[in-house]
Amino acid sequence: MNSFYKNVLLWGVLAAILFLAFDVISNNTQKATEEMPFSEFMKKVDRGEIREIAIIKGKQVIRFVTTDNKEFETFIVIDALDSNMLAQFQAKGIRISVDPKDQDAWYGYVLTWLPMVLFIGIWIFFMRQMQLGGNKALSFGKSRAKLLTEDHRKVTFKDVAGVDEAREELQEIIEFLKDPQKFQKLGGKIPKGVLLVGPPGTGKTLLARAIAGEADVPFLSISGSDFVEMFVGVGASRVRDLFEQGKKNAPCIIFIDEMDAVGRHRGAGLGGGHDEREQTLNQLLVEMDGFESNEGVIMIAATNRPDVLDPALLRPGRFDRQVVVARPDVRGRKGILDVHTRNIPLADDVDLNVVARGTPGFSGADLANLVNEAALLAARYEKPVVDMKDMEEAKDKVLMGKERRSIIISDEDKRVTAYHEAGHALIGKLMPDSDPVHKVTIIPRGYALGLTQQLPEGDRQHYTKRYCLSKIATLLGGRVAEELALDDIATGASDDLKRATELARKMVCEWGMSETMGPLVYGEREEQIFLGREISRHQDYSEETAVKIDKEVRQFIMSALDTDRKILSAHIESLHALAQALLEKESLDGADIDRIVNATKPSA
């Protein structure tokens, strides 16, 4: 039977029971007035035992009160009361009245049943609202975990690319659940927890969805923020209920997304040990590895802030494994692009290897966004397939922002921007250990009036001192180009100066790249774990050392400026040619830059 009809039948039965019960009570109340035959009533009239009479016309009833204050009723056809009978009543001194309240029979029923009808209606409405709201009114302490069924398991490991090591470790967990004897015969025990760690967008949640699609066991999914509630004790209660559900469905997998929302370091929040968040974390620690064992329940969690998690949560026995889901390399990016272009028609000129090489540092989410933007661009231009031009334009949009061709820029501003970007491009082209210049444009994108894009030939795992110095020189190339070509400077270099200064200070204070200051770290980061970010830098050195650090940072910057002046002065014709080409074409790619620089290279 349909659940709707079951509910209707249930409420109908309950309403009928209440009506019957109330009717019995009402009738018993109404029968407090005794009935008396009319003949007996007339005898009492003759004996003078009646004190007053009330004639109720609507009910054909005479209600009378005897001299001993007892109330009775007798039935009579009111029309049969003639003047002789009324005169007889008056002769006996009986007070006669007509009761108008009972003239309408329904009036009494309304007064009797209206409160009960309203009560039943409100009760049914309240119960219905609880059903529509998932019974939340009475289930604050219940877990909100979703049990994924076979219909929801549409993602498998075939849809995951670029994280081969993480996939192998998780595949082992699934094999353990499917065939535990394979591992137990050698004394191995199933891991209790796996923590997926990595930057945002690298596919941690996608991996969890793939586990749900591959595993033949129940999969409970919940977010860390679902434990947080305004009521005290609700988070701990939900943790208990979550693991109760896990035990009932064992063997099963419990996945908690954004683990840092509930697992932050204890003692960092307000309220000390009585903080609601800490009570939730304490209950989670007990459930994962306490006195009661949770055999067959595997916890998988994902976070991009492992540094703020409580150490007790990270120890073996709770999270036995920490799987790093890093940004993909070139081969991984190619695999991710293959996955996301599986259902997109591509033109013959599309080379995903080129796209993969041109997107260093992209996460899986960035690559998915790039493919989607390319498909939208092709659809906007009404193309039957996505070609390489769409891919390049989508990549530029993701990296540099959308073109703002509608903005009105004066010729003077264009000229300043052209020389500024030409300076960046020329220094990036001529400095050793610098990333190749991929594209330079004076078309406004995002908040910038122009952009110079450099893409490394491969994925960099380390930054050398020479590379950092080249980076600083490239950042300051725009300012120096303005000085030499325009004999003036503009405000457009503010972000370049900021980035160059930050890089120089890291070289001195964090990376030990200063010969004067030596291989030491100056200043420790002060982080408030409750806030989850760096808020200041602790100065653990003297004022004299601070002065030396400032001098060394300034030395790096001034040395880069001198280098830029020498290079651009020697290649001033190339600078003018690049700026003029930018004013004419607005955008130049790497090949255009090479051709212009080679054509205007000064003779040795």
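Residues numbered from 1 in each chain as written. Predicted model: local features only at pLDDT ≥ 70, side-chain atom pairs only at ≥ 80, totals over all residues. Heavy atoms only, no water.

Participant: Any details on the overall build of the chain? Residues and values, ideally.
Facilitator: The secondary structure content of the chain amounts to 20 helices and 16 strands. In the chain, which comprises 604 residues, the share counted as buried stands at 40%. Contacts in the chain between residues far apart in sequence, at least 24 positions, make up 70% of those at least 6 positions apart. For the chain, the exposed surface amounts to about 33,700 Å²; the carbon and sulfur share of it is 54%. (Helix = DSSP H or I, 4+ residues; strand = E, 2+ residues; numbered from the N terminus. Buried < 20%, exposed > 50% of the residue type's maximum accessible area, 1.4 Å probe, protein only. Contact = heavy atoms within 4.5 Å. Areas by Shrake-Rupley, 256 points an atom, 1.4 Å probe, with all protein chains shown as cover.)

Participant: An account of the pattern of salt bridges is requested, with residue identities and associated values reported.
Facilitator: With the rule as written, the count across this model stands at 21 salt bridges. The closest approach of N and O atoms between Lys 383 and Asp 390, which form a salt bridge, is 3.0 Å. Residue classification places Lys 383 among the partly exposed residues on the basis of a relative accessible area of 28%. Overall, Asp 390 belongs to the buried group, its relative accessible area being 0%. Here Arg 505 and Asp 550 are joined by a salt bridge, their closest N and O atoms 3.3 Å apart. (Salt bridge = Lys/Arg side-chain N within 4 Å of Asp/Glu carboxyl O.)

Participant: I'd like a description of the confidence of the model for the chain, backed by residues and values.
Facilitator: Considering every residue of the chain, the mean pLDDT works out to 79; 77% of them sit at 70 or more. Counted against residues more than four places away or in other chains, residues 132–138, with its pLDDT under 50, gives five contacts. Low pLDDT (under 50) marks residues 528–535, which in the prediction has 21 contacts with non-local residues, meaning those over four places away or in another chain. (pLDDT = per-residue confidence, 0-100.)

Participant: Can you tell me about the sheet that holds strand β12 (residues 437–441), naming the residues and giving the values?
Facilitator: Read across the open sheet, the three strands follow the order β13-β12-β16; overall the sheet is antiparallel. Of all the strands in the sheet, the pair left with one neighbour each is β13 (451–454) and β16 (587–589). Within the sheet, the average angular offset between the axes of one strand and its neighbour, ignoring direction, is 10 degrees. As defined by bridge partners, β12 adjoins β13 across four bridges and the pair is classed as antiparallel. When the bridges of β13 are listed, Val 437 appears paired with Gln 454. (Pairing = 2+ DSSP bridges. Axes fitted to C-alpha atoms, helices over the stretch in contact; angles between N-to-C directions.)

Participant: How would you summarise the nonpolar core if you had to cite specific residues and measurements?
Facilitator: Counting residues in each nonpolar core, the largest one holds 46 residues, and the members touching the most others are Ile 472, Leu 578, Leu 588 and Ile 593. Of all elements in the fold, only α15 (411–430), β12, α16 (465–486), α17 (494–509), α18 (543–570), α19 (572–585) and α20 (590–599) reach the threshold of two or more residues within this core. If one sorts the elements of this core by residue count, α16 sits on top with nine residues. Residues in contact with Leu 588, not counting those within four places in the same chain, are His 438, Lys 439, Val 440, Leu 578, Ala 581, Leu 582, Ile 593 and Ile 596. Judged by nonpolar contacts, the second largest core, of 26 residues, contains Val 163, Leu 170, Leu 207 and Ile 211. (Core = buried A, V, L, I, M, F, W, Y, C linked by side-chain atoms within 4.5 Å.)

Participant: Which residues make up α20, and what are the values?
Facilitator: All of the buried residues in α20 are Gly 590, Asp 592, Ile 593, Ile 596 and Val 597. Considered in projection along α20, the buried side chains sweep an arc of 160 degrees and stay on one side of the axis. Turned more than 90 degrees away from the buried face of α20, the exposed residues are Ala 591 and Ala 599. The inward-facing, buried residues of α20 contact α15, β12, α19 and β16. (Arc of directions from axis to C-beta.)

Participant: Explain the side chain of Ser 363 residue by residue, including any values.
Facilitator: Relative to the helices and strands, Ser 363 is located in the loop between α12 (352–357) and α13 (364–380). Of the residues examined, Ser 363 reaches a relative accessible area of 2% and is grouped as buried. Within the local environment of Ser 363, its side chain forms a polar contact with the backbone oxygen of Gly 201, the two atoms lying 3.4 Å apart. The residues touching Ser 363, leaving out its near neighbours within four places in the chain, are Pro 200, Gly 201, Thr 202, Arg 327 and Pro 328. (Polar contact = N/O pair within 3.5 Å; in protein donor to acceptor, adjacent residues only side chain to side chain.)

Participant: Mind laying out the environment of Val 286, listing which residues take part and the relevant values?
Facilitator: Structurally, Val 286 is set in helix α9 (residues 276–288). Taking the relative accessible area as the measure of exposure, Val 286 reaches 47% and is therefore partly exposed.

Participant: Quick one: what's the story with the packing of aromatic side chains, residue by residue and with numbers?
Facilitator: Scanning the entire structure with this criterion turns up three aromatic pairs. For the pair Phe 219 and Phe 255, a centre-to-centre distance of 6.3 Å together with 25 degrees between the ring planes defines the contact as stacked. Residue Phe 219 is located in strand β8 (residues 219–223), and its partner Phe 255 is located in strand β9 (residues 252–257); the two are separated by 36 residues in the primary sequence. There is no split in this pair, since Phe 219 and Phe 255 are both buried. Here Tyr 463 and Tyr 467 contribute two aromatic rings whose centre-to-centre distance is 5.4 Å and whose plane-to-plane angle is 20 degrees, an arrangement assigned as stacked. (Phe/Tyr/Trp six-rings, centres within 6.5 Å; stacked < 30°, edge-to-face > 60°.)

Participant: Explain the pairing of β9 residue by residue, including any values.
Facilitator: When a strand is regular, its side chains alternate between the sheet's two faces. With respect to burial, β9 is a largely interior element, six of its six residues being buried. Side chains of β9 alternate between two faces, with Cys 252, Ile 254 and Ile 256 and Ile 253, Phe 255 and Asp 257 buried alike. Two strands pair when backbone bridges link them, and β8 and β9 are joined in this way by five bridges, in the parallel orientation. Looking across to β9, one finds that Ile 222 is bridged to Ile 256. Taken together, the five bridges between β9 and strand β10 (residues 297–303) define a ladder with parallel strand orientation. For Cys 252, the partnering residue across the bridge sits in β10 and is Val 297.

Participant: Describe unusual backbone geometry, with residues and values.
Facilitator: Even without being glycine, Glu 382 reaches a positive phi, approximately 60 degrees. Structurally, the position occupied by Glu 382 is in the loop between α13 and α14 (388–400). For Asp 433, which is not glycine, the phi dihedral falls at a positive 60 degrees. With respect to the helices and strands, Asp 433 occurs in the loop between α15 and β12.

Participant: Pulling in residues and values, what's your account of the packing of α15 against α19?
Facilitator: Following both chains from N to C, one finds α15 and α19 inclined at 125 degrees, their axes separated by 8 Å at the closest point. For the element pair α15 / α19, the angle class is oblique. For the crossing formed where α15 meets α19, the hand is right-handed. Where α15 abuts α19, its residues Lys 414, Arg 415, Ala 418, Tyr 419, Glu 421, Ala 422, Gly 423 and Leu 426 lie against Ser 574, Leu 575, His 576, Leu 578, Ala 579, Leu 582 and Leu 583. Residue composition of the contact of α15 with α19, grouped by class: nine nonpolar, three polar and three charged. (Parallel < 35°, antiparallel > 145°, perpendicular 65-115°, else oblique. Left-handed = near helix turned anticlockwise from the far one by under 90°. Nonpolar A, V, L, I, M, F, W, Y, C, P; charged D, E, K, R; others polar.)

Participant: Could you give an account of the packing of α17 against α18, with specific residues and numbers?
Facilitator: As a packed pair, α17 and α18 sit with axes 9 Å apart at the nearest point and diverge in direction by 125 degrees. Judged on the interaxial angle alone, α18 and α17 are oblique. Like other packed secondary-structure pairs, α17 and α18 cross with a definite hand, here right-handed. When α17 is examined against α18, the residues Ala 500, Thr 501, Ala 504, Arg 505, Met 507, Val 508 and Cys 509 are found in contact with a partner set consisting of Ile 549, Asp 550, Glu 552, Val 553, Phe 556 and Ile 557. Taken together, the residues of the contact of α17 with α18 break down into nine nonpolar, one polar and three charged.

Participant: An account of the environment of Ala 500 is requested, with residue identities and associated values reported.
Facilitator: The residue Ala 500 is located in helix α17 in this model. Each C-alpha atom of the pair Ala 500 and Leu 475 lies 6.3 Å from the other, and the pair is 25 residues apart in sequence. Not counting the four nearest positions on each side in its chain, Ala 500 is found in contact with Ile 472, Leu 475, Leu 476 and Ile 557.

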